[in-house]
Amino acid sequence: MTGIDRGGDTPMEPPWTVDLLADLHAGVLDTAVAQRLWPQVHQDPDAVHVLNALDATKAELAALGTRPAPAMPAGYAARLDAVMAAEAARTFGAQASQAPPPPRVAPVVDLARARKRRNQRTGWIAGALVAAAAVGTVVISLPHGGTTPGEAGSQPSGGTPPLALTSGHLNSATLTAVIGRSDYGPLTDPAR
Amino acid sequence: MTAAARTDADLIAAHAAGDPGAFAELVRRHRDRMWAVALRTMRDPEEAADALQEAFISAFRAAGQFRAESQVTTWLHRIVVNACLDRIRRRQSRPTVPLPEAGPGEPAAAGDAMADRETRLVVGEALAALPDEQRVPIVMIDVDGYSVADTARLLGIAEGTVKSRCARGRAKLAKSLGHLRNPSADANVPDGAGDAGTRQPGGTRGTRQWEGR
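None of these values were measured; they are calculated from a predicted model.

A.B. asks: Can you explain the overall build of chain B? Please cite residues and give values.
C.D. replies: Counting its secondary structure elements, chain B contains nine helices and zero strands. Of the regular secondary structure in chain B, the N- to C-terminal order runs α-α-α-α-α-α-α-α-α. The buried share among the 213 residues of chain B stands at 51%. Long-range pairs, those at least 24 residues apart, make up 59% of the contacts in chain B between residues at least 6 apart in sequence. Accessible surface computed for chain B: about 9500 Å², of which carbon and sulfur atoms make up 51%.

Here it is, written out as structure tokens:
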């Protein structure tokens with residue numbers, strides 16, 4: 001008992017109103033009433049005409065839903081885009097409405113180029129360290145005029161004696177051999 | 001991966017994960033289809049546009065609740081219909097505002113066949129002439145393919161009421177679309193459906209469905 005029970009008032013003989021036939025067509029009537037009515041309406045050409053008209057109407061409505069949708073008018077579409085951009089900006093920040101999303105991982109760069117850049121950077125740092133070490137050795141050693149192993153701040157224990165630089169070693173040829181440079185500016189004169 | 005290569009579900013997931021451009025792509029993909037849904041449910045283009053905005057904002061904010069087992073289009077469709085129903089309920093609680101004389105104003109896409117455009121306009125106008133309580137369930141069931149049970153639940157009314165309102169509305173449409181030509185049958189159809197269409201049915205007889213789908 002899911003539909004309308006008209007309490008026995010449903011006419012089983014024609015003519016039937018369009019409303020009653022539309023109810024029958026839509027499944028509104030009580031199941032038992034509908035089962036009795038269907039064979040009767042099939043016998044009546046006018047009723048069949050109405051039912052066919054309702055079928056055609058439903059088919060036309062269904063076709064409306066399957067046709068390609070017309071484009072949203074440009075004005076409404078622009079308004080929608082603006083509203084959505086504002087919502088995105090509120091949620092994700094101002095850049096959402098202005099720029100494409102930033103990459104979510106570190107940018108990918110060419111491996112060979114990265115290695116070359118790293119090697120260049122390493123070379124500059126290594127060169128600078130060598131130069132600084134050489135200049136530092138000369139600056140520390142020269143004012144004392146010579147050193148002995150016992151004067152060193154820390155002594156390695158045992159084995160080969162540590163490399164000791166004495167004033168006798170400080171000629172230009174030795175220095176050049178050690179640091180590979182021959183221009184020492186004011187230190188070029190061995191008498192100083 | 002380009003936006004075009006991403007599925008709708010990918011875009012929803014990307015949006016939920018914080019991709020600020022993903023949802024805009026989703027809107028671009030489905031805007032026209034959802035516009036058609038909103039327009040035939042609301043009738044008035046201005047109200048349809050407002051309903052669509054509300055729907056897309058709701059979807060934007062609720063994307064995290066989307067479950068991949070359902071289709072994004074189905075999910076969006078339901079949100080659009082709900083937004084339309086909310087607006088209709090609000091409208092019904094206000095004094096009646098007359099609709100523009102231009103009717104539903106379904107815009108035509110460039111390249112549409114004239115016959116197709118004419119059919120859409122005629123059916124659209126006939127639908128627009130129905131009162132909300134008949135047009136909305138007919139649109140949901142006969143056009144958009146919702147079941148009677150889903151329609152009843154979304155509208156908050158009994159299934160029998162849905163069927164009955166569809167029956168009344170279809171009878172009016174059958175007349176206004178020119179499918180009911182027998183004067184004696186016409187005499188039983190209530191007036192008020194308008195005379196938007198007088199053309200003859202164009203061989204669109206479908207398989208009879210005795211239940212209201």
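A.B. asks: Tell me what's going on with the nonpolar core, and back it up with residues and numbers.
C.D. replies: Ranked by size, the top nonpolar core spans 46 residues in total, and within it M84 of chain A together with F23, W35, L52, F56, W75 and V80 of chain B carry the most contacts. Core analysis: the next-biggest nonpolar cluster, separate from the first, contains 23 residues, L24, V28, A47 and L51 of chain A among them.

A.B. asks: Before we move on, can you summarise unusual backbone geometry with the specific residues and values?
C.D. replies: The amide bond that connects P14 of chain A to the next residue, P15 of chain A, takes the cis arrangement and shows omega of 5°. Relative to the elements of secondary structure, P15 of chain A occurs in the segment before α1 (18–26). For R43 of chain B, which is not glycine, the phi torsion reads 80° and is therefore positive.

A.B. asks: I'd like to hear about the packing of helix α2 (residues 22–42) of chain B against helix α4 (residues 72–92) of chain B, residue by residue, with values.
C.D. replies: Between two packed helices, the angle of one axis relative to the other and the distance separating the axes together describe the packing. Residue and element names in this part refer to chain B. In contact at an axis separation of 10 Å, α2 and α4 are set at 40° when each is read in the N-to-C sense. If you check the angle between α2 and α4, you find them oblique. The crossing of α2 and α4 is right-handed. Here α2 contributes L26, H30, R33, M34, V37, A38, T41 and M42 to the contact with α4, which in turn contributes V72, T73, L76, H77, V80, V81, C84, R87, I88 and R91. Residues of the contact of α2 with α4, tallied by class, amount to 11 nonpolar, four polar and three charged.

A.B. asks: With reference to specific residues and values, describe the confidence of the model for chain B.
C.D. replies: Residues and elements named next belong to chain B. In this model, chain B carries a mean pLDDT of 78, and residues with pLDDT of at least 70 account for 70%. Mean pLDDT across the elements of chain B ranges from a minimum in helix α9 (residues 183–186), with 46, to a maximum in helix α8 (residues 159–176), with 97. Predicted confidence is poor over residues 97–111, with pLDDT under 50, and the contacts of this stretch with residues over four places away or in other chains come to 27 contacts. Here the prediction assigns the complex a pTM of 0.61, and the interface score ipTM is 0.72.

A.B. asks: How would you summarise helix α4 (residues 74–92) of chain A if you had to cite specific residues and measurements?
C.D. replies: Count 3.6 residues to each turn of an α-helix, and residues three or four apart come out pointing the same way. Residues and elements named next belong to chain A. Taking 1.5 Å of rise per residue, the 19 residues of α4 would be expected to cover 27 Å, and the 26 Å separating its terminal C-alpha atoms lies within 8% of that figure. Among all positions in α4, only Y76, A77, L80, M84, E87, A88 and F92 are buried. Down the axis, α4 shows its buried residues gathered within 115° of arc, on one side only. Turned more than 90 degrees away from the buried face of α4 sit A74, G75 and R90, all of them exposed.

A.B. asks: Tell me about the pattern of salt bridges, and name the residues and values.
C.D. replies: Where charged atoms from two side chains of opposite charge approach closely, those side chains can pair. Counted by the stated rule, this structure contains 24 salt bridges over all chains. Across the pair R31 of chain B and D81 of chain A runs a salt bridge, and its minimum N-O distance is 2.9 Å. Of this pair, R31 of chain B sits in helix α2 while D81 of chain A sits in helix α4, each in a different chain. Judged by relative accessible area, R31 of chain B falls into the buried class, the value being 15%. Connected through shared salt-bridge partners, R79 of chain A together with R43, E46, E47, D50, E54, R87, R90, R91, D132 and R135 of chain B make up one network.

A.B. asks: Talk me through the environment of L127 of chain B; I want residue IDs and the actual numbers.
C.D. replies: If you trace the backbone, L127 of chain B turns up in helix α5 (residues 114–128). Taking the C-alpha atoms as reference points, L127 of chain B and S176 of chain B, 49 residues apart in sequence, are found 9.3 Å from one another. Leaving out residues up to four positions away in the same chain, L127 of chain B has contacts with L61 and L64 of chain A together with R135, I138, V139, V143 and L173 of chain B.

A.B. asks: Give me the environment of V143 of chain B: which residues, what numbers.
C.D. replies: For V143 of chain B, the location among the structural elements is in helix α6 (residues 132–143). What makes V143 of chain B buried here is its relative accessible area of 8%. Here the alpha-carbon distance between V143 of chain B and R40 of chain B, two residues 103 residues apart in the chain, equals 9.3 Å. Not counting chain neighbours up to four residues away, the residues in contact with V143 of chain B comprise L61, L64 and G65 of chain A together with R40, L127 and I138 of chain B.

A.B. asks: Explain the packing of aromatic side chains residue by residue, including any values.
C.D. replies: Applying the stated criterion to the full structure yields four aromatic pairs over all chains. With a centroid separation of 5.4 Å and an interplanar angle of 35°, the aromatic rings of Y76 of chain A and W35 of chain B are classed as tilted. Of the two residues, Y76 of chain A is situated in helix α4 and W35 of chain B in helix α2; the pairing between them involves two chains. Of the residues examined, Y76 of chain A reaches a relative accessible area of 18% and is grouped as buried. Aromatic ring contacts, followed pair by pair, group F92 of chain A together with F23 and F60 of chain B into a single cluster.

Here is what the cut-offs are and how they apply
- Counting starts from 1 at the beginning of each chain's written sequence and moves along it residue by residue.
- Both sets of labels track the order of writing: A upward for chains, 1 upward for ligands.
- Only residues with pLDDT of 70 or above have their local features reported here, since the model is predicted, and side-chain atom pairs are shown and tallied only from 80 upward, although totals for entire chains, interfaces and linings are computed over all residues.
- As a rule here, side-chain values cover all heavy atoms of the structure and leave hydrogens and water aside.
- Helical segments are the DSSP runs of H or I of at least four residues, strand segments are the runs of E of at least two, and each set is numbered from the N terminus.
- Any residue under 20% of the maximum accessible area for its type is buried, any over 50% is exposed, and the rest in between are partly exposed; the area is computed with a 1.4 Å probe on protein chains only.
- Contact between two residues is taken to exist if any of their heavy atoms lie within 4.5 Å; hydrogens are not considered.
- A 1.4 Å probe and the Shrake-Rupley method give the accessible areas. Residues count as covered only by the protein chains that appear here.
- Only buried residues count toward a nonpolar core. Its members are Ala, Val, Leu, Ile, Met, Phe, Trp, Tyr and Cys residues joined through side-chain atoms within 4.5 Å.
- All axes here are fitted lines through C-alpha atoms, helices being fitted over the stretch that makes contact, and every angle between N-to-C directions spans 0 to 180 degrees.
- Just so you know how the angles are binned, under 35 degrees is roughly parallel, over 145 roughly antiparallel, 65 to 115 roughly perpendicular, and the rest oblique.
- By definition, any crossing whose near helix is turned counterclockwise from its far helix by less than a right angle is left-handed, and any crossing with a clockwise turn is right-handed.
- The nonpolar class holds Ala, Val, Leu, Ile, Met, Phe, Trp, Tyr, Cys and Pro. Asp, Glu, Lys and Arg form the charged class, and all remaining residues, Gly among them, are polar.
- A score from 0 to 100, pLDDT tells how confident the predictor is in each residue.
- For a helix, the expected span equals 1.5 Å multiplied by the residue count minus one.
- It is the directions from the helix axis to the C-beta atoms whose arc is reported.
- We define a salt bridge as a side-chain nitrogen of Lys or Arg found within 4 Å of a carboxyl oxygen belonging to Asp or Glu.
- Pairing of aromatic rings covers Phe, Tyr and Trp, the last counted by its six-membered ring, and requires centre-to-centre distances within 6.5 Å; plane angles under 30 degrees mean stacked, over 60 mean edge-to-face, and any other angle means tilted.

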